[in-house]
Amino acid sequence: MTEPGIHPSAPPNDLPAERMRLRPDASGTVSVDPASAAWRYLSFRIVALADGGSIDIGAADHETVAVLVSGSDVVVSVDTGEPVTLEGRASVFDSLPSAFYLPAGRRATISPDGGGGPDTDRGPTRLAIATAPTRPDVSATVRAVHIRPDDIRVEIRGAGHSTRQINHIIAPDFPADRLLLVEVLTPAGNWSSWPPHKHDVDDMPREAVLEEVYHYRFRRPEAWALQRVYRPERSPLGAPRDAVWAVRDGEVVVVTDGYHPFAATDADDAYYLNALAGDRRTMACSFDPALDHVRERWSGEAPDPRLPLVGRSG
């Protein structure tokens, strides 16, 4: 029996494929919220920090995570406490991320460092900002956290052509409420989110309900990769659904439910940032039974020697 306050499954969601893939505007801005995604919790946006500009984050009843995707250093000025600096990076392929977790009831302003110049210019500064509503009994126990590149746990997952790099930013053991964030770097020609998995029913410890977005970047901005989202036959969440997109740099795909594998072309290294939100602090998922057997092969295959694509020294 499902615990009180835990949703037994994702809400029925018939979001059409054209609304699941989101393209950025000319400035690189793209966003999704519960109303546009037809789900409960997760909001996500990519914003560009203009010279001399700033971004305010935080809300009375929402937690927030800001990740510096690319660009120069920024300063996070919290309503209480000393300002902190998030380290910039030329791209997601140059260094591990810097991030800041802001609990509910706190506010902060993110602004350019101001100490930059020609030697430190890394191009437009882009931030990923994820938010989710919090529960009072949880939010009362958490605090603001500055997440430095040295704090990121790097995992090499899979083997052979399904090897990829996972950079854990907000993991299940992080002191937060609903939010979870990871970066995934997939070498050219490899698969990730593989074998196909889903997290749309509460069946612990096997699976939990998690809303999720994918935000893509490529070593070559002109590159593309394949993202599939499909609902199995006889799903309790609705009629079968199957969508495949050639996703491009800066785009976002909304994963409402179902399995969602990803494949990089053999020409380009790929990256995506996953932001998730749910009722449990877990990444528990179930795998497509038709393909779950591929994990058994990993013990006899070597990891891809190209990984990690990004190390602690860049």
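Preceding this paragraph is the structure being described.
Overview of the structure. As the structure is a prediction and not an experimental result, all values here were calculated from the model.

### Structural notes on the sheet that holds strand S7 (residues 84-86)
Then step 1. Strands sit in the order S4-S9-S6-S7 across an open sheet of four strands; the sheet is antiparallel. Looking along the sheet, the strands with just one partner apiece sit at the ends: strand S4 (55-57) and S7. Taking each pair of neighbouring strands and ignoring which way they run, the sheet shows an average axis angle of 30 degrees.
Then step 2. The pairing of S4 with strand S9 (residues 108-112) spans three bridges and is antiparallel. Paired with Asp56 across the strands is Thr109, a residue of S9.

### Concerning the environment of Met283
Then step 1. Counting through the fold element by element, Met283 comes out in the loop between strand S22 (270-278) and strand S23 (286-287).
Then step 2. For the pair formed by Met283 and Pro172, sequence separation is 111 residues and the distance between their alpha carbons is 7.0 Å.
Then step 3. If we ignore the near neighbours within four places in the chain, the residues touching Met283 are Pro172, Leu180, Val182, Leu210 and Leu276.

### Here's the deal with the pairing of strand S18 (residues 224-231)
Then step 1. Relative to strand S19 (residues 241-248), S18 is paired through eight bridges, and the arrangement is antiparallel. Residue pairing across strands places Arg228 opposite Val244, the latter belonging to S19.
Then step 2. Examined bridge by bridge, S18 and strand S21 (residues 262-264) share three bridges and lie antiparallel to one another. In the sheet register, Leu226 faces S21, and the bridge partner there is Ala263.

### A closer look at a nonpolar patch on the surface
Then step 1. Together, Trp224, Leu226 and Val244 line one region of the surface with nonpolar side chains, adding up to about 280 Å² of accessible area.
Then step 2. Looking at the secondary structure, you find Leu226 in strand S18.

### Comments concerning the sheet that holds strand S13 (residues 164-170)
Then step 1. The seven strands are arranged S1-S20-S17-S22-S14-S13-S12 in an open sheet whose pairing can be described as antiparallel. The open sheet has two free edges, formed respectively by strand S1 (21-22) and strand S12 (153-157), since each of these has just one partner strand.
Then step 2. Bridge count between strand S14 (residues 179-186) and S22: eight bridges; the pairing is antiparallel. Bridging across to S22, Glu183 finds its partner in Leu273.

### Remarks on the pattern of salt bridges
Then step 1. Inspection of the entire model under this criterion finds 23 salt bridges.
Then step 2. The residue Asp242 makes a salt bridge to Arg228 at a minimum N-O spacing of 2.6 Å. In this pair, Asp242 sits in strand S19 while Arg228 sits in strand S18, placing the two residues 14 residues apart along the sequence.
Then step 3. Residue Arg228 is classed as partly exposed on the basis of its relative accessible area of 31%.
Then step 4. Put simply, Arg297 and Glu301 hold a salt bridge, and the shortest N to O gap is 3.8 Å.
Then step 5. For Arg297, a relative accessible area of 46% translates into the label partly exposed.
Then step 6. Among the ionic contacts, a cluster of salt bridges with common partners joins Lys198, Asp200, Asp203, Arg206 and Glu207.

### As for unusual backbone geometry
Then step 1. Geometrically, the link from Met204 to Pro205 is a cis peptide bond, its omega value of 5 degrees lying close to zero.
Then step 2. If you trace the backbone, Pro205 turns up in the loop between strand S16 (197-198) and strand S17 (210-218).
Then step 3. Following Leu307, the chain continues to Pro308 via a peptide bond in cis, the omega torsion being 0 degrees.
Then step 4. Positionally, Pro308 belongs in the segment after helix H4 (294-297).
Then step 5. The backbone phi angle of Ala38 is positive, close to 60 degrees, even though this residue is not glycine.

Rules used throughout
Numbering of residues starts from 1 in each chain and follows the order in which that chain's sequence is written. Side-chain atom pairs in this predicted model are given and counted only at pLDDT of 80 or more, local residue features only at pLDDT of at least 70, and totals for whole chains, interfaces and linings cover all residues. Only hydrogens and water are set aside; all other atoms, that is, all heavy atoms of the structure, feed into the side-chain values. One bridge is not enough; two strands pair if DSSP finds at least two bridges between them. Every helix listed is a DSSP run of H or I at least four residues long, and every strand listed is a run of E at least two residues long, numbered separately from the N terminus. Every axis corresponds to a line fitted to the C-alpha atoms, with the helix fit spanning only the stretch in contact, and the corresponding angles, defined between N-to-C directions, vary from 0 to 180 degrees. By definition, residues are in contact when any of their heavy atoms lie within 4.5 Å. A patch consists of residues whose relative accessible area exceeds 30% and which take part in no salt bridge; residues with like charges are grouped when within 9 Å of each other, and nonpolar side chains (Val, Leu, Ile, Met, Phe, Trp, Tyr) when within 5 Å. Using the Shrake-Rupley algorithm and a 1.4 Å probe, accessible areas are obtained, with residue cover drawn only from the displayed protein chains. Put simply, a salt bridge is a Lys or Arg side-chain nitrogen that is within 4 Å of an Asp or Glu carboxyl oxygen. Accessibility here uses a 1.4 Å probe with only protein chains present; expressed as a share of the type maximum, an area under 20% marks a residue as buried, one over 50% as exposed, and anything in between as partly exposed.

What is shown is where atoms sit, not what they do.
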